[in-house]
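So you can see what is in the structure, the chains are spelled out below.
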Amino acid sequence: MEKQITWRDDEALRRFQIISPLLDETLDKDAKLQKRKEISERENISTRTIYRYEKGYRDNGFEGLKPAERSNTNLSFPENFSEIMQQAIQLKREVPKRSVKTIIDILELEGWAAPGVLKRSTLERHLYNAGFGIRQMQIVNDARTSSSKRFCKPHRMMLIQADIKEGPKLPIGKNGKKVKTYLSSVIDDHSRMILYSKFYDNEKKDIVEESFRQALALHGRFDCAYCDHGSQYISTQLKRSMALLGIPIRYAPIKSGKSKGIVEKFHQVVDRFTMEYRLKKSKADQTLEKLNYYWSIYLEDYYQKDSHDGIREYYASLNVILPPEGISPVQEFNRDTRPLTFIDTAVLAEAFRHHETRRVDKGACISFQGRKYETKAELIGCMVDISYDPHAPETVTVHYKDIEPFDIHPLKIGAFCDKTPTLPASMQIAEAKTSRLLDALEKQHKELTEHRADALSFAQYGKEGE
């Protein structure tokens, strides 16, 4: 009897969720009709059934949504009912969203039951008792697409997790307009220590690149990165930078917050900080610099040094006893036996440089980020490759075949600037001492004249012999 009551309660809850949008008293008649139509199409049930659910709720509240109780003693099942249930379960397994009405239609068409013998409420109840109710199937489906199992790497820098979270709005826009801030963070999976975290006034891909670069510079190389499918994390530039360093990026399943539990838990810490920061009413504190200043203090002197429940839970699962005061993220990171591997600064800088292509104009300049950069005259008209640090674009390196890469800087135009570039020595006009063409023609003329003279002389010699 307990299972039947549970099933009736579950079915009543499902029906209430269906009609809940229609319980809004502010809706007029036309709006309700439109909503009923939308619900009917979405839930694959008739509007008549929706009306019946509404009436039952208006008359008897939640109890009015429960299916009617029936006594099994008054029910007559077909002799092959167990076989019918096996087929019904198989049909539900094949298509979890298949409705009970469709299952009955199939069973009747296939000859498992005579038309009208199987009742919808009866089959619904037995499917639920067998573990194939609507909500049960939904839970199973969710479990297949996202895992709630926890994981934790055994050592530091084996895996990092990264994410972006919206921060408080600040009056830092034009005319004091409030602008959203965004926190980009990189977290060590094992110790939960924050490798890098900073607020920005935008959510462009550059902030993620900087976060990864700073984390690598401060704490060394990590084995793998774990991120969501945000555009900042699937950018070609980030993938290229990580590939150059031999670091793979793994992506969490789409719409699976549980798979990034460490980051989500850390964001609760961010929320607590944000609540405290909003209490700072001084205008001087409402700047991005001050926001990051207070955030760095909060991280270094509070979060990083406070005992972490996630670390305690991890060691409890290994039957390891921790001191009563617990272990903080910075303690866990520093006491790990795995050595840190730092990357050469030049290698790191090169990995995160951006690469683009530009054409050198007739003034031997290229255009970059709205400014002119002077190259070399011999490159006029050529397509050249440039590389630059996005956080220091004042220096751009030019690459071209057979020429040693060289740095260029924004062109400074003086009061008496000559727009005509100085030609290289190879292209400058050299002073001619003579006409090489006339000299060559003269030489050729002399040779032809001598040849003719020799020919005449030989002819005259022949006549004398005769």
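Everything that follows concerns the structure shown earlier in this document.
Residues numbered from 1 in each chain as written. Predicted model: local features only at pLDDT ≥ 70, side-chain atom pairs only at ≥ 80, totals over all residues. Heavy atoms only, no water.

1. Details of the environment of K260
Okay, step 1: With respect to the secondary-structure elements, K260 resides in the loop between strand 5 (249-251) and helix 10 (261-277).
Okay, step 2: Here K260 falls in the buried class, since its relative accessible area comes to 4%.
Okay, step 3: Note: C-alpha distance between K260 and Q161 (99 residues apart in sequence) is 7.9 Å.
Okay, step 4: Those residues in contact with K260, other than ones at most four positions away along the chain, are Q161, A162, D163, Y226, C227, D228 and A252. (Helix = DSSP H or I, 4+ residues; strand = E, 2+ residues; numbered from the N terminus. Buried < 20%, exposed > 50% of the residue type's maximum accessible area, 1.4 Å probe, protein only. Contact = heavy atoms within 4.5 Å.)

2. Observations regarding the packing of helix 4 (residues 81-94) against helix 6 (residues 120-129)
Okay, step 1: Interhelical geometry of helix 4 versus helix 6 gives an angle of 70° and a closest axis separation of 11 Å. One way to sum up the angle between helix 4 and helix 6 is to call them roughly perpendicular. In this structure, helix 4 uses F81, M85, A88 and I89 to contact helix 6, whose residues at the interface are L123, H126 and L127.
Okay, step 2: The residue makeup of the contact of helix 4 with helix 6, split by class, is six nonpolar, one polar and no charged. (Axes fitted to C-alpha atoms, helices over the stretch in contact; angles between N-to-C directions. Parallel < 35°, antiparallel > 145°, perpendicular 65-115°, else oblique. Nonpolar A, V, L, I, M, F, W, Y, C, P; charged D, E, K, R; others polar.)

3. Some points on the nonpolar core
Okay, step 1: If you look at the biggest cluster of nonpolar residues, it comprises 29 residues, and the most contacted ones within it are F212, L216, F222, M242 and L245.
Okay, step 2: For this core, the secondary structure elements donating two or more residues are strand 1 (160-166), strand 2 (182-188), strand 3 (194-200), helix 8 (205-219), strand 4 (225-227), helix 9 (236-244) and helix 14 (345-351).
Okay, step 3: A per-element tally of this core places helix 8 first, with five residues.
Okay, step 4: The contact partners of F222, leaving out residues within four places of it in the chain, are M157, I160, F212, L216, M242 and I247. (Core = buried A, V, L, I, M, F, W, Y, C linked by side-chain atoms within 4.5 Å.)

4. Observations regarding the sheet that holds strand 9 (residues 383-389)
Okay, step 1: Strand order in the open sheet formed by four strands is 6-9-10-11, with antiparallel pairing between adjacent strands. Two strands lie at the open edges of the sheet, namely strand 6 (354-359) and strand 11 (403-408), each paired on one side alone. Each strand axis lies, on average, 30° off the axis of its neighbour in the sheet, ignoring direction.
Okay, step 2: Direction of pairing for strand 10 (residues 392-400) relative to strand 11: antiparallel, over a ladder of four bridges. The residue bridging V398 from the neighbouring strand is F406, located in strand 11. (Pairing = 2+ DSSP bridges.)

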